[in-house]
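Structural overview for review
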Amino acid sequence: METRRGDPGLVSTCTPVFIQAPLLRGMALTHRQLTPIARMVADRFFLVARADSPWAEAGRFLEHITKNTTRTGGYFLGGINHLLALAIADGTGADVEFIVTESEPAVWNALIEGRIDWGVGVAAEILPHVEAGTMTVIAALDGARRPAFPEVPTLGEAGLPVSFQLWRGIMGPGGLSEEAQAAWHAHFERLRDSTAWRSYLARNGQEDAFLPGRDFRDFLETEWDWYEKHLGLAGLLPAPA
């Protein structure tokens, strides 16, 4: 990307790592030196608890955590599970203990076994446990209820508007001409009408989240602010030079 500035034939997939890595490593090269083409898909996150939890409902959950220390977990510090735990703790003033597990599946084993009290995950991760009757979905961490669990309220409906999406998109090198950008926008717009694309979304439990051009660039700025705040809360940002 850096050495092929303006190359109209070069694009890359991109994820929030394009935000996280520059922040965590103090890199000079960020999305601002590149050309955001389009956000394509997103996974939404859900707040879950054990099926027998006495506060497995959004309002009761918020009431409980403001009065009691609770435990949640994830498989590394600075991961999405950790940052969302910090967002919930920051928004409520709650005391939340974060437990690091050895893997993503181990998070759900810890929840089922009672070593943590609640967790966050995407529908594909939690659905098997919900269907098995071991976990219940408390709230959607989004601005609107999600099709995966349409009856589940958002956490915002209970008073805490924590919203997050794990997006995937397309990035081009810096200096890409307006003509080249328009061609790529049209290309990915056509792709979204294909059977292969719809099959990909269904197979991976993802939602179409197409956002091309300047709107995607503006979205990345809001993402930068969110990650900068929450990685800061985690104490993971490098000290200023």
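The preceding data block contains the structure.
Before going into details, it helps to say that this report is about the structure given with it. (Residues numbered from 1 in each chain as written. Predicted model: local features only at pLDDT ≥ 70, side-chain atom pairs only at ≥ 80, totals over all residues. Heavy atoms only, no water.)

**Describing helix 3 (residues 80-92)**
When the terminal C-alpha atoms of helix 3 are compared, their 18 Å separation across 13 residues agrees well with the 18 Å that a helix rising 1.5 Å per residue should span. When you tally the buried positions in helix 3, you get 10 out of 13 residues, the bulk of the element. Those residues of helix 3 that fall on the buried side of the exposure criterion are Ile80, Asn81, His82, Leu83, Leu84, Ala85, Leu86, Ala87, Ile88 and Ala89. Of the residues trailing helix 3, Gly93 is marked for its positive phi of about 75°. (Helix = DSSP H or I, 4+ residues; strand = E, 2+ residues; numbered from the N terminus. Expected span 1.5 Å × (residues − 1). Buried < 20%, exposed > 50% of the residue type's maximum accessible area, 1.4 Å probe, protein only.)

**Let's talk about a nonpolar patch on the surface**
Taken together, the side chains of Leu24, Leu77, Val100 and Leu236 present a nonpolar region at the surface, about 320 Å² in accessible area. With respect to the helices and strands, Leu77 occurs in the loop between strand 3 (70-74) and helix 3. (Patch = residues over 30% accessible without salt bridge, like charges linked within 9 Å, V, L, I, M, F, W, Y side chains within 5 Å. Areas by Shrake-Rupley, 256 points an atom, 1.4 Å probe, with all protein chains shown as cover. Salt bridge = Lys/Arg side-chain N within 4 Å of Asp/Glu carboxyl O.)

**Here we look at the packing of helix 1 (residues 17-25) against helix 8 (residues 213-233)**
Between helix 1 and helix 8, whose axes approach to 10 Å, the crossing angle comes to 45°. When the axis of helix 1 is compared with that of helix 8, the two are oblique. Classified by chirality, the crossing of helix 8 by helix 1 is right-handed. Contacts between helix 1 and helix 8 involve Ile19, Gln20, Pro22, Leu23 and Leu24 from the former and Leu220, Glu223, Trp224, Tyr227, Glu228 and Leu231 from the latter. (Axes fitted to C-alpha atoms, helices over the stretch in contact; angles between N-to-C directions. Parallel < 35°, antiparallel > 145°, perpendicular 65-115°, else oblique. Left-handed = near helix turned anticlockwise from the far one by under 90°. Contact = heavy atoms within 4.5 Å.)

**Quick word on the nonpolar core**
Within soluble globular proteins, side chains that are nonpolar tend to cluster in buried spots. Ranked by internal contacts, the top residues of the largest apolar core, which has 41 residues, are Leu47, Phe61, Leu84, Ile88, Trp118, Leu155 and Tyr227. When residues of this core are traced back to their parent elements, those giving at least two are helix 1, strand 2 (35-50), helix 2 (58-65), helix 3, strand 5 (118-122), strand 6 (135-141), strand 7 (165-172) and helix 8. Once residues within four sequence positions are removed from consideration, Leu84 is found in contact with Phe45, Val120, Leu141, Val162, Phe164 and Trp226. Of all hydrophobic cores here, the second largest spans 14 residues; its members include Val107, Trp108, Ile116 and Ile126. (Core = buried A, V, L, I, M, F, W, Y, C linked by side-chain atoms within 4.5 Å.)

**Re the pattern of salt bridges**
All told, the structure shown has 15 salt bridges when counted by the stated rule. Across the pair Arg44 and Glu207 runs a salt bridge, and its minimum N-O distance is 3.6 Å. Residue Arg44 is located in strand 2, and its partner Glu207 is located in strand 8 (residues 207-212); the two are separated by 163 residues in the primary sequence. Under the relative-accessibility criterion, Glu207 is labelled partly exposed at 22%. As a salt-bridge pair, Arg146 and Glu207 come within 2.2 Å of each other at their nearest N and O atoms. Of this pair, Arg146 sits in the loop between strand 6 and strand 7 while Glu207 sits in strand 8, placing them 61 residues apart in sequence.

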